[in-house]
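For reference, the chains in residue letters:
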Amino acid sequence: QQQVKQSPQSLIVQKGGISIINCAYENTAFDYFPWYQQFPGKGPALLIAIRPDVSEKKEGRFTISFNKSAKQFSLHIMDSQPGDSATYFCAASTDQTGANNLFFGTGTRLTVIP
Amino acid sequence: DVKVTQSSRYLVKRTGEKVFLECVQDMDHENMFWYRQDPGLGLRLIYFSYDVKMKEKGDIPEGYSVSREKKERFSLILESASTNQTSMYLCASRYQQAPYSNQPQHFGDGTRLSIL
């Protein structure tokens, strides 16, 4: 079954607005939560990541919020730009399953309208 | 910069054919992965390899096999292609160093495979 649940499946935001993508997980062994960004015609690339010992991590316009008790985390894109239009995947990782340790959400297709 | 190169961007094959997808990485990474990406289903792991000659099944290995004879190259094989294997295939590699969960996976740009 899907180890990481992601919503929404698609999102349309006006330029300058805030984009919010949500993810939830059940496995408490997960200890690393990366977000990958995929532009059309390209492979996914690591965007930003967080460990569960902090509740928030910010890099430029991108912020991860993490709620350990609720087992939820989200990506916020402030001042969204048309260049942010891409598919975003949340993921969760644990060393307990060896090299096969990265579990992806189903993806959110973000469109930022000029 | 890490470079993961997939041999074909687009491939069209016929049902029943044996299909080879090739992936090469230039960073001496130990771990390599094959995923398929389908709309609404995200990335699903087909097979992965810890190191040369080693392979492990992922979540959806049925109908696929892999080969890793050299560290830099990981091949995905569709033994007898079927229409339900039409998909985008993504290869990734990763440096194996503890804590493993911290190491990012580096992806190629994908092969869009159509089985007619």
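The text that follows walks through the structure, step by step, so that each part is easy to find. (Residues numbered from 1 in each chain as written. Chains lettered and ligands numbered in written order. Predicted model: local features only at pLDDT ≥ 70, side-chain atom pairs only at ≥ 80, totals over all residues. Heavy atoms only, no water.)

### Brief notes about the layout of surface pockets
Condition: Buriedness for pockets is judged along seven lines, at least five of which must meet protein on both sides within 12 Å for an open set on the 1 Å grid over protein atoms alone, while cavities are sets there where a 1.4 Å probe fits but cannot get out, and lining residues have an atom within 4 Å of a point. Grid points are joined across faces, edges and corners, and a volume is the space filled by probe spheres set on the points. Put simply, DSSP H or I for four residues or longer makes a helix, DSSP E for two residues or longer makes a strand, and each gets a number counted from the N terminus. Under this grouping Gly is polar, as are all residues other than the nonpolar Ala, Val, Leu, Ile, Met, Phe, Trp, Tyr, Cys and Pro and the charged Asp, Glu, Lys and Arg.
The volume enclosed by the largest pocket comes to roughly 710 Å³. Along the wall of the largest pocket there are 32 residues; nearest its centre are Gln38(A), Thr87(A), Arg109(A), Gln37(B) and Arg112(B). For the lining of the largest pocket, the secondary structure elements donating two or more residues are strand S9 (86-93) and strand S11 (108-113) of chain A together with strand S4 (31-38), strand S9 (87-94) and strand S11 (111-115) of chain B. At four residues, S11(A) tops the list of elements feeding residues into the lining of the largest pocket. Considering only residue class, the lining of the largest pocket consists of ten nonpolar, 16 polar and six charged.

### A closer look at the interface of chain B and chain A
Defined as follows: The contact rule is simple, with two residues in contact once any of their heavy atoms fall within 4.5 Å. Here's the idea: put two parts together, see how much 1.4 Å probe accessible area each one loses, and the total over both is what we call buried area. In the sections that follow, a salt bridge refers to a side-chain nitrogen of Lys or Arg positioned within 4 Å of a carboxyl oxygen of Asp or Glu. Polar contact is the term for a pair of N or O atoms within 3.5 Å; when the atoms are in protein, one must be able to donate a hydrogen and the other to accept it, and sequence-neighboring residues count only if both atoms are side-chain atoms.
Facing 23 residues of chain B, the contacting portion of chain A comprises 23 residues. With both sides pooled, the region where chain B packs onto chain A buries about 1900 Å², and carbon together with sulfur makes up 50% of that total. The interface formed by chain B and chain A contains one salt bridge. Asp109(B) serves as the salt-bridge partner of Lys42(A), at 3.7 Å between the closest nitrogen and oxygen. Applying the counting rule to chain B against chain A returns four residue pairs in polar contact (both at pLDDT 80 or more). Of all the elements in the fold, those that place two or more residues in the side of chain B that touches chain A are S4, strand S5 (42-49) and S9 of chain B. For the side of chain B that touches chain A, the residue count by class is twelve nonpolar, eight polar and three charged.

### A short note on the nonpolar core
Residues and elements named next belong to chain A. Heads up, the rule is: What is meant by a nonpolar core is a set of buried Ala, Val, Leu, Ile, Met, Phe, Trp, Tyr and Cys residues, joined one to another through side-chain atoms within 4.5 Å. Relative accessibility decides the category of a residue: with a 1.4 Å probe and only protein chains considered, values under 20% of the type maximum give buried, values over 50% give exposed, and everything between is partly exposed.
Counting residues in hydrophobic clusters, the biggest one holds 25 residues, and the most contacted among them are Phe 33, Trp 35, Phe 73, Leu 75 and Tyr 88. For this core, the secondary structure elements donating two or more residues are strand S2 (10-14), strand S3 (19-25), strand S4 (33-38), strand S5 (45-50), strand S7 (62-67), strand S8 (72-77), S9 and S11. The leading source of residues in this core is S9, at four residues.

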